[in-house]
Amino acid sequence: MYAALADTDLGRVIGDDDGTGDRRVDGVDDAELLALYRSLVLLRTYDERSVVYHSQGRIGTYAIFWNHEAIQAGAVHALRDDDWIFPSYRESAIGLLRGMPPTTILQWWRGHPSGWWNPADWNLGSIAVPIATQVPHAAGLAWGKKLRGEDSCALVFFGDGATSEGAFHEGINLAAVMNAPLVLMCNNNQWAISTPIAAQTRARALADKAVGYGIPGVRVDGLDVLAVHEATRDAVDRARAGGGPTLIEALHYRAAPHGTADDPRAYVDSARVAEERGRECVGRYERYLRRAGLLDDALVAEIKDAALQAMREGITAAEAEAPADPELLFANAYVGPPGNMRNG
Amino acid sequence: MAELTLLEAVNDALHTELERDADVMVLGEDVGRAGGVFRATAGLLERFGAGRCVDTPLAEAGLLGGAVGLCMAGWRPVVEMQYDAFSYPCLDQLITHVGRYHWRTGGRMEFPLTIRMPYGGGVRAPELHGDSPEAYYVHTPGIKVAIPSTPADAKGLLAAAIRDPDPVVIFEPKLVYRTARGEVPEGDYVVPLGKARIAREGTDVTLIAYGAMVNVCELTAEALDVSCEVIDIRSLRPLDEETILDSVAKTGRVVIVHEAPRTAGFGAELAALIAERAIFDLQGPVLRVTGYDVPYPYWTIEDAYMPSVERVSAAVRSLLG
């Protein structure tokens, strides 16, 4: 049976539910703490509503990111708007944190062309479906910005399974050799569909892989939004100062199916999942903010209502959009299309 | 005009395009300090600096994936794959991203990258230094593919590729890197993609080829007492269908020649085009002279694999009964 990695060496900021171990992150003020909460709620609401929309046949197959919100929001909040984000499909809704309308992302999952954006409009790469192949893109972007004398950096998300791919190795190595300003955020939820981390690697920790590339590797609690935020901010500061890439491993345990087409009961430890769901990251942060006196019932309700409203408007707008024009088969395959492209 | 080898023409194009556009950069394995294993990139590091002629780690998928990111940062990367068969790891990035990213952005972001690589056999090299992988590339939507056979085209097609807003792959016939010599215009010189070249005019049979096989067809035409028209298609995508069909209308007989294995090779596409569009012009079957459906061989027997003047001549004679 798969044994969980020890979590005693994890970076943490949020203490236990009785407040033991709570601390503040230097430089993160009350407004930013609340902004992080709003982002967590927005992502959580997007995810939970999407599963419902899928069950209602309103979106297609959907990759669930329930309980991954702390990693996503914690990391993105450490970036400037001119920094680039390269998501995997697990971070499909990350654009919400840059102000992208929910409709756009819902349309992506509805297979509608209006769900595909211009990366330059959001400094956000397309949702990468093949595993780890976005890592070299992020390395190239970060390196290319540095070559141009700009001080923006890049953040790339990928999962634990991605660290077995050649593209992960080639991308992280390229970034390291070029001293590219890149933050590599490994969402280690310990499962690649049904494959547990022990079948993926013999490494003690995925963050240990950084050693082989000559770059820093850190490991944080993936359910602690402030720990992720602090580690990402430190990595971004180092990248911007010319210190090159950092590998961050955000450790948690996948507490939801891989996607709407997956039934994990065939392979997962249900007791462990139940335990993990009890530690879910949004409620944990909510309790931290309440202990700090920053959040009360009224504000929680206001923030959750706003997120729900955004989703209601998003799906309504998506469903009101005209069906895709089949002409779009051809419209964007090339800038200068070859004459025989339409021969079918 | 200067008389250059095909390899020198490639080098000339790179110097010209890097000089012309400050966004153009060259990257690849051994392209900087060594100037490339064939010296195609010689002098670029010294002239344009380490930021625009970059020695990369030995990782073709990372190299091409990195170039996707460089495009997003505003560069026009020219990626050298050191050899044909060394490019295979990059097919992952080529298929999953390079050919699709423009489409994926709803046509709003361009990926003007160029991949260039020496390709083809006949040079007495170790295994996996003699492949002709053009069909893998041309089968990938979103990618353009061109293959020069002369020094002037090597310069002009590469310049066109670098300036093109779409990803373009240029295969350079290494067999004639140093033996193909010819006049090459100095400075700015572009040969547009999608225009075939009639290498030799004739009336009895059309020989269609690209890369090093153009020379084999020209030698065949000289050796035979038959009027052969030799078409160097130069660009596989976009393809100049009209030049091919016009020639078939004139001669009624076709032999297609390529080094790559036969099955699903580009010759099959050309044969299908002619069957669909010119079958009533034909006076005989469309024939192919190609490599065989085997791994590219040990070099002591590679001449038995490569299409030769003898094999092309036999095909021509069979058509003329």
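## Overview of the overall build of chain B
(1) Moving on: Looking only at helices and strands, one finds 11 helices and 14 strands in chain B.
(2) Moving on: In terms of C-alpha radius of gyration, chain B reaches 19 Å, essentially the compact-globule figure of 20 Å for 321 residues.
(3) Moving on: In terms of its C-alpha atoms, chain B occupies a principal-axis envelope of roughly 60 × 45 × 40 Å.
(4) Moving on: For chain B, the proportion of its 321 residues judged to be buried stands at 64%.

## A closer look at the interface of chain A and chain B
(1) Moving on: Taken together, the contact between chain A and chain B spans 34 residues of the former and 45 residues of the latter.
(2) Moving on: Both faces combined, the contact of chain A with chain B buries some 3200 Å², and carbon together with sulfur accounts for 63% of it.
(3) Moving on: There are one salt bridge connecting chain A and chain B.
(4) Moving on: Of all elements in the fold, only β1 (84-86), α4 (119-122), α5 (134-147) and α6 (166-177) of chain A reach the threshold of two or more residues within the side of chain A that touches chain B.
(5) Moving on: The dominant element in the side of chain A that touches chain B, judged by the number of residues it contributes, is α5 of chain A, at eight residues.

## Comments concerning the layout of surface pockets
(1) Moving on: Its boundaries defined by the atoms lining it, the largest pocket holds a volume of some 1300 Å³.
(2) Moving on: At the level of secondary structure, the elements contributing two or more residues to the lining of the largest pocket comprise α12 (328-331) of chain A together with α6 (134-138), β12 (235-237), β13 (254-261) and α10 (266-278) of chain B.
(3) Moving on: Of all the elements, α10 of chain B adds the most residues to the lining of the largest pocket, at seven residues.
(4) Moving on: Taken as a whole, the second largest pocket encloses approximately 250 Å³ of empty space.
(5) Moving on: If you trace the second largest pocket, you find 21 residues lining it, with Tyr-89, Arg-90, Ile-131, Gly-159 and Gly-161 of chain A closest to the centre.
(6) Moving on: Its residues assigned to classes, the lining of the second largest pocket comprises 11 nonpolar, seven polar and three charged.

## With respect to the domain arrangement of chain B
All names here are of chain B.
(1) Moving on: When the domains of chain B are assigned, the result is domain 1 (2-184) and domain 2 (197-320).
(2) Moving on: Here the C-alpha centroids of domain 1 and domain 2 sit 26 Å apart.
(3) Moving on: Contacts between domain 1 and domain 2 engage 31 residues on the former and 22 residues on the latter.
(4) Moving on: When domain 1 packs against domain 2, the two sides together hide about 2000 Å² of surface, and 54% of this comes from carbon and sulfur.
(5) Moving on: When the area that domain 1 buries against domain 2 is broken down by residue, the three leading residues are Arg-124, Val-138 and Ile-147, summing to 27%.
(6) Moving on: Measuring nitrogen to oxygen at the nearest pair gives 3.0 Å for the salt bridge that ties Asp-153 to Arg-234.
(7) Moving on: Remark: the boundary between domain 1 and domain 2 carries 15 residue pairs in polar contact (both at pLDDT 80 or more).
(8) Moving on: A total of four residues in the side of domain 1 that touches domain 2 trace back to one element, the largest contributor, which is α6.

## Things to note about the pattern of salt bridges
Residues and elements named next belong to chain B.
(1) Moving on: Scanning the entire structure with this criterion turns up 48 salt bridges over all chains.
(2) Moving on: The shortest N-O distance in the salt bridge between Arg-124 and Glu-302 comes to 2.7 Å. Within this pair, whereas Arg-124 is found in the loop between β5 (114-119) and α6, its partner Glu-302 is found in the loop between β14 (287-291) and α11 (309-320), the two being separated by 178 residues in sequence.
(3) Moving on: Judged by its relative accessible area of 39%, Arg-124 is partly exposed.

## Section: the packing of α5 of chain A against helix α3 (residues 60-72) of chain B
(1) Moving on: Packing of α5 of chain A against α3 of chain B brings their axes to within 6 Å, and their N-to-C directions diverge by 50 degrees. One element, α5 of chain A, and the other, α3 of chain B, form an angle in the oblique class. Both α5 of chain A and α3 of chain B take part in a crossing whose hand is right-handed. Between α5 of chain A, through Pro-136, His-137, Gly-140, Leu-141, Trp-143, Gly-144 and Leu-147 of chain A, and α3 of chain B, the contact on the second element is made entirely by Gly-62, Gly-65, Gly-66, Val-68, Gly-69, Leu-70 and Met-72 of chain B.

## Section: the pairing of strand β4 (residues 76-80) of chain B
(1) Moving on: β4 of chain B sits mainly inside the fold: five of its five residues count as buried.
(2) Moving on: On β4 of chain B, burial covers both faces: Arg-76, Val-78 and Glu-80 of chain B on one face and Pro-77 and Val-79 of chain B on the other are all buried.

## Describing the environment of Val-190 of chain B
Residues and elements named next belong to chain B.
(1) Moving on: The residue Val-190 is located in the loop between β8 (181-184) and β9 (197-200) in this model.
(2) Moving on: Spatially, the C-alpha atoms of Val-190 and Gly-106 are 29 Å apart, while their sequence positions differ by 84 residues.
(3) Moving on: Among residues more than four places away in sequence, those in contact with Val-190 are Gly-156, Ala-159, Ala-160 and Arg-163.

## Topic: the sheet that holds strand β11 (residues 228-232) of chain B
Within a sheet, neighbouring strands are paired by backbone hydrogen bonds and run either parallel or antiparallel to one another.
Residue and element names in this part refer to chain B.
(1) Moving on: On the basis of which strands lie adjacent, the open sheet formed by five strands has the order β9-β11-β10-β13-β14 and mixed pairing. Taken across any chain shown, the strands that pair with only one partner, and hence form the sheet edges, are β9 and β14. When strand polarity is set aside, the average angle formed by the axes of neighbouring strands in this sheet is 25 degrees.
(2) Moving on: As defined by bridge partners, β13 adjoins β14 across five bridges and the pair is classed as parallel. Within the sheet, the bridge partner assigned to His-258 lies in β14 and is Thr-290.
(3) Moving on: Of the strands in this sheet, β10 (205-209), β13 and β14 are in contact with α11, which crosses β14 at around 165 degrees.

## Some remarks on the pairing of β13 of chain B
(1) Moving on: Taking burial as the measure, the eight residues of β13 of chain B include seven buried ones, the bulk of the element.
(2) Moving on: Handedness of the crossover joining β13 of chain B and β14 of chain B through α10 of chain B is recorded here as right-handed.

## Some remarks on helix α8 (residues 225-240) of chain A
All names here are of chain A.
(1) Moving on: Given a rise of 1.5 Å per residue, 16 residues ought to cover 22 Å, and the 22 Å separating the end C-alpha atoms of α8 matches this to within 8%.
(2) Moving on: Those residues of α8 lying buried are Val-225, Leu-226, Ala-227, Val-228, His-229, Glu-230, Ala-231, Thr-232, Ala-235, Val-236 and Ala-239.
(3) Moving on: For α8, the N-terminal capping position is held by Asp-224, with its side-chain oxygen 3.1 Å away from the main-chain nitrogen of Leu-226.
(4) Moving on: Downstream of α8 by one or two residues, Gly-242 has phi in the positive range, about 95 degrees.

Thresholds, definitions, all that
Starting afresh in each chain, residues are numbered from 1 along the sequence in its written order. The naming scheme follows written order: chains are lettered A onward, ligands numbered 1 onward. Reporting in this predicted model follows two pLDDT cut-offs: at least 70 for local features of residues, and 80 or more for side-chain atom pairs to be given and counted; totals over whole chains, interfaces and linings ignore these cut-offs and use all residues. As a rule here, side-chain values come from all non-hydrogen atoms in the structure, and water together with hydrogens is ignored. The way it works is that DSSP assigns letters per residue, a run of H or I at least four long becomes a helix, a run of E at least two long becomes a strand, and they are numbered from the N terminus. Throughout, radius of gyration means the C-alpha value; the globule benchmark is 2.2 Å times the number of residues raised to the power 0.38. Residue exposure (1.4 Å probe, protein chains only): buried if accessible area is under 20% of the type maximum, exposed if over 50%, otherwise partly exposed. The contact definition used throughout considers only heavy atoms, calling two residues in contact when any of these lie within 4.5 Å. Buried area is understood as the total, over both parts, of accessible area removed when two parts are fitted together, assessed with a 1.4 Å probe. We count a salt bridge whenever a side-chain nitrogen from Lys or Arg sits within 4 Å of a carboxyl oxygen from Asp or Glu. A 1.4 Å probe that fits but cannot get out identifies a cavity on a 1 Å grid over protein atoms alone, an open set with protein on both sides within 12 Å along at least five of seven lines counts as a pocket, and a residue lines either if it has an atom within 4 Å of a point. Grid points are joined across faces, edges and corners, and a volume is the space filled by probe spheres set on the points. Residue polarity follows a fixed list, in which Ala, Val, Leu, Ile, Met, Phe, Trp, Tyr, Cys and Pro are nonpolar, Asp, Glu, Lys and Arg are charged, and the others, Gly among them, are polar. Reported domain spans reflect what an automatic or database domain assignment gives. For the purposes of these results, a polar contact is taken to be a pair of N or O atoms within 3.5 Å, where, inside protein, one atom must be able to donate a hydrogen and its partner to accept one; residues adjacent in sequence count only when each atom of the pair is a side-chain atom. Lines fitted to C-alpha atoms define the axes, with helix axes restricted to the stretch in contact, and inter-axis angles between N-to-C directions lie between 0 and 180 degrees. For this classification, under 35 degrees means roughly parallel, over 145 means roughly antiparallel, 65 to 115 means roughly perpendicular, and everything else is oblique. Note: crossing handedness is left-handed where the near helix turns anticlockwise from the far helix by less than a right angle, and right-handed where it turns clockwise. Should DSSP find at least two bridges between two strands, the strands are regarded as paired. Here the term right-handed applies to a crossover when the path leading from its first strand over the helix to its second strand runs clockwise, the strands being oriented away from the viewer. An expected span of 1.5 Å times one less than the residue number is assigned to each helix.

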